[in-house]
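Remarks on the overall topology
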Amino acid sequence: MARDIHKKPFDEGTKAKLSIFEVYLKEWLPVFLAKKEVIWRTINIYDFFAGPGYDSKGQKGTPMIIRDELTPYFDNIIDKRLNVNLYLNEYSKTKKEELENRIEEDDLRPYSITIESLDFKEAFDKQFPSMAQNSCANLLFLDQNGVKHISEEVFKKIIGLKTTDFLFFISSSTIKRFSEHPNIAQHIKLNPEEVEKTPYHKIHGLILDYYKSLIPPTKQYYLAPFSLKKNAGVYGLIFGSGHVLGIEKFLTTCWNIDPERGTANFDIDDDRIMQGQYDLFSGEVRKPKKVELFESELERKILNLELTTDREIYLYALTNGFIPVHIRKVINKLISEKKIDKCKLNLSSKVCKANSVTTKIKLI
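Parameters at a glance
- Throughout this description, residue numbers start from 1 for each chain and increase along the sequence as written.
- For a predicted model such as this one, the threshold for reporting local features is a pLDDT of at least 70, and the threshold for listing and counting side-chain atom pairs is 80 or more; totals across whole chains, interfaces and linings nevertheless cover every residue.
- Excluding hydrogens and water, the side-chain figures rest on all heavy atoms present in the structure.
- With a 1 Å grid laid over protein atoms only, a set of points is called a cavity when a 1.4 Å probe fits there but cannot get out and a pocket when it is open yet has protein on both sides within 12 Å along at least five of seven lines; lining residues have an atom within 4 Å of a point.
- Grid points are joined across faces, edges and corners, and a volume is the space filled by probe spheres set on the points.
- Secondary structure elements follow DSSP: runs of H or I no shorter than four residues count as helices, runs of E no shorter than two count as strands, and numbering proceeds from the N terminus.
- Three classes are used: nonpolar for Ala, Val, Leu, Ile, Met, Phe, Trp, Tyr, Cys and Pro, charged for Asp, Glu, Lys and Arg, and polar for all others, with Gly counted as polar.
- Throughout this description, buried means an accessible area under 20% of the type-specific maximum (1.4 Å probe, protein chains only), exposed means over 50%, and partly exposed covers the range between.
- Strands are labelled as partners when DSSP assigns at least two bridges between them.
- In this scheme Phe, Tyr and Trp rings, the latter by its six-membered ring, pair at centre separations within 6.5 Å, and the angle between planes marks the pair as stacked below 30 degrees, edge-to-face above 60, and tilted otherwise.
- Comment: the charge-over-ring label is applied if NZ (Lys) or CZ (Arg) is within 6 Å of the ring centre and within 35 degrees of the ring normal.
- Throughout, a contact is declared for two residues whenever any of their heavy atoms are within 4.5 Å.
- One number per residue, pLDDT, summarises how confident the predictor is, and it ranges from 0 to 100.
- A fitted line through C-alpha atoms serves as each axis, taken over the contacting stretch for helices, and the angle formed by two N-to-C directions is quoted from 0 to 180°.
- Throughout this description, any angle smaller than 35 degrees is read as roughly parallel, any larger than 145 degrees as roughly antiparallel, any in the 65 to 115 degree range as roughly perpendicular, and the remainder as oblique.
- Left-handed describes a crossing whose near helix is turned anticlockwise from the far helix by less than a right angle; the clockwise case is right-handed.
- What makes a nonpolar core is a set of buried Ala, Val, Leu, Ile, Met, Phe, Trp, Tyr and Cys residues whose side-chain atoms join them at distances within 4.5 Å.

This paragraph deals with the layout of surface pockets. Over the atoms, a rolling probe the size of a water molecule traces out where space has been left empty. Roughly 750 Å³ of volume is contained in the second largest pocket. In terms of lining residues, the second largest pocket is bounded by 29 residues, among which W40, H243, V244, L245 and G246 are the most central. Every element with two or more residues in the lining of the second largest pocket is listed here: α1 (12-33), β5 (164-170) and α11 (244-257). Of the residues belonging to the lining of the second largest pocket, the class tally is 14 nonpolar, eight polar and seven charged.

Bringing unusual backbone geometry into the picture now. Its identity is not glycine, yet R81 carries a phi of approximately 55°, on the positive side. Tracing the backbone through its elements, the reader meets R81 in the loop between α3 (74-79) and β2 (83-89). A residue is classified by how much of its surface remains accessible, and R81, at 70% relative accessible area, is exposed.

The element β5 is extensively covered by neighbouring structure, given that seven of its seven residues are classed as buried. What you see with β5 is no split at all: T164, F166, F168 and I170 on one side and D165, L167 and F169 on the other are buried throughout. One ladder, built from six bridges, connects strand β4 (residues 136-143) with β5; its direction is parallel. By the bridge assignment, L140 is partnered in β5 with F166.

So, on to empty space enclosed by the protein. Summed over the entire model, instances satisfying the criterion amount to one cavity of 30 Å³ or more. In this structure, the largest cavity encloses a volume near 50 Å³. Residues belonging to the lining of the largest cavity are distributed by class as follows: six nonpolar, no polar and three charged.

Attention now moves to the packing of aromatic side chains. Per the counting criterion, the structure on display carries 24 aromatic pairs. Between Y46 and F48, the aromatic rings sit 5.8 Å apart at their centres with planes inclined by 5°, giving stacked as the arrangement. The pair formed by Y46 and F48 is uniform in burial state, with each residue classed as buried. Geometrically, the ring pair formed by F48 and Y87 is tilted, given 5.7 Å between the ring centres and 55° between the ring planes. Taken together, the residues F48 in the loop between β1 (42-47) and α2 (62-70) and Y87 in strand β2 connect sequence positions 39 residues apart. Sitting over the ring of F128, K157 keeps its end group 5.2 Å from the ring centre. Residue placement shows K290 over the ring face of F322; its charged tip is 5.2 Å from the ring centre.

By the criterion of burial, β4 is predominantly enclosed, with eight of the eight residues buried. With burial as the criterion, each face of β4 is covered, one bearing C136, N138, L140 and L142 and the other bearing A137, L139, F141 and D143. As paired strands, β1 and β4 are joined by six bridges and run parallel to one another. Bridge pairing in β4 links N44 to N138.

Most of α2 is tucked away: eight of the nine residues are buried. Taken as a whole, α2 has its buried residues at T62, P63, M64, I65, I66, R67, E69 and L70. Of the surrounding secondary structure, the elements contacted by the buried residues of α2 are α1, β1, α3, β2, α4 (93-102) and β4.

Per-chain confidence: the protein averages 86 in pLDDT, with 86% of residues scoring 70 or above. Contacts for the low-pLDDT stretch residues 278-283, under 50 throughout, to residues beyond four places or in other chains number six contacts.

The next thing to look at is the packing of helix α12 (residues 289-303) against helix α14 (residues 324-336). Interhelical geometry of α12 versus α14 gives an angle of 55° and a closest axis separation of 10 Å. Regarding the angle of α12 to α14, the classification is oblique. α12 and α14 meet at a crossing whose hand is right-handed. Within the contact between the two elements, α12 uses F294, E295, L298, E299, I302 and L303 and α14 uses H326, I327, K329, V330, I331, K333 and L334. Along the lines of polarity and charge, the residues of the contact of α12 with α14 split into eight nonpolar, one polar and four charged.

A few words now on the nonpolar core. Of all hydrophobic cores here, the largest spans 70 residues; its most connected members are L33, L167, L298 and I331. Among the elements that make up this core, the one with the highest residue count is α1 (11 residues). Dropping the residues within four chain positions of it, L298 is found in contact with L307, I313, Y316, I327 and V330. Core analysis: the second largest hydrophobic core is formed by 36 residues, F124, F168, I207 and L223 among them.

Here it is in structure tokens:
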């Protein structure tokens, strides 16, 4: 039987997961609630594994985080006449009742709250028509306790939605240990040999690659991982968005939490580097292998004319888990070494708009 995380204080891994969710929500909400021009009239937030709202010590769970983050936008919702909907599902009827008691009814709250107690598949299928409506934006949080709920069918339905970002939580350690068990294999179809040779702390990357393989080649969709160490286990978040702004905001969140690698709440690459630690031989601040490899590969691709515009460079960085600040370091280095001309690059999601003007890199 799965451990009930709400009967005890949240552990450090759960706190890290909630921190990522909260920081990303802070980035997500103003895009849809604070824009001068109303593009999305309906904004839906779905939490399919809501829990009772708090842990045993009063630490906020996702429902309370969402509630509190929506509060500053009351005036925006009213003034812009936005239709904001919060859907909370908790399978345990006892926890659902606790949640209902904690989210008190308030006539001044300018958005709707629906709380149900359904099996995930039933709840997802019931809400899917609302997610699929035109002119709506969705944020889905799927904190499954295990691996079975985000099946190939569910994943493909989610990535087919317009203007939808999602975060889901998956027990990577369970997949590593029991990948050939029928209860696992029917949901996550990984090659057992690949699982066997993948180090324990790297298994979440293999799971990410599996979900990437489910995206049609013609579809532009972005996924990014964040690995979490909880006691002896490794778990992970996978974020998905069909828009470059969504993936940039999530990656920025991850790099703020993990300034060294942007992918975990532990030393996932076993670099054993302390922040600000100097290299004994070069006298420079040591960089994790992941950052060094990215910088050298980006430099090589620019100098070999494989990446020639700011749009190509921006997308290359995002799809490899890096953000504009990492690009600028490489560009500034190449300019100072007189390998490329000085240039003003647009390293933001705006460079990907259909009518945007791109800047070409000029080699010296």
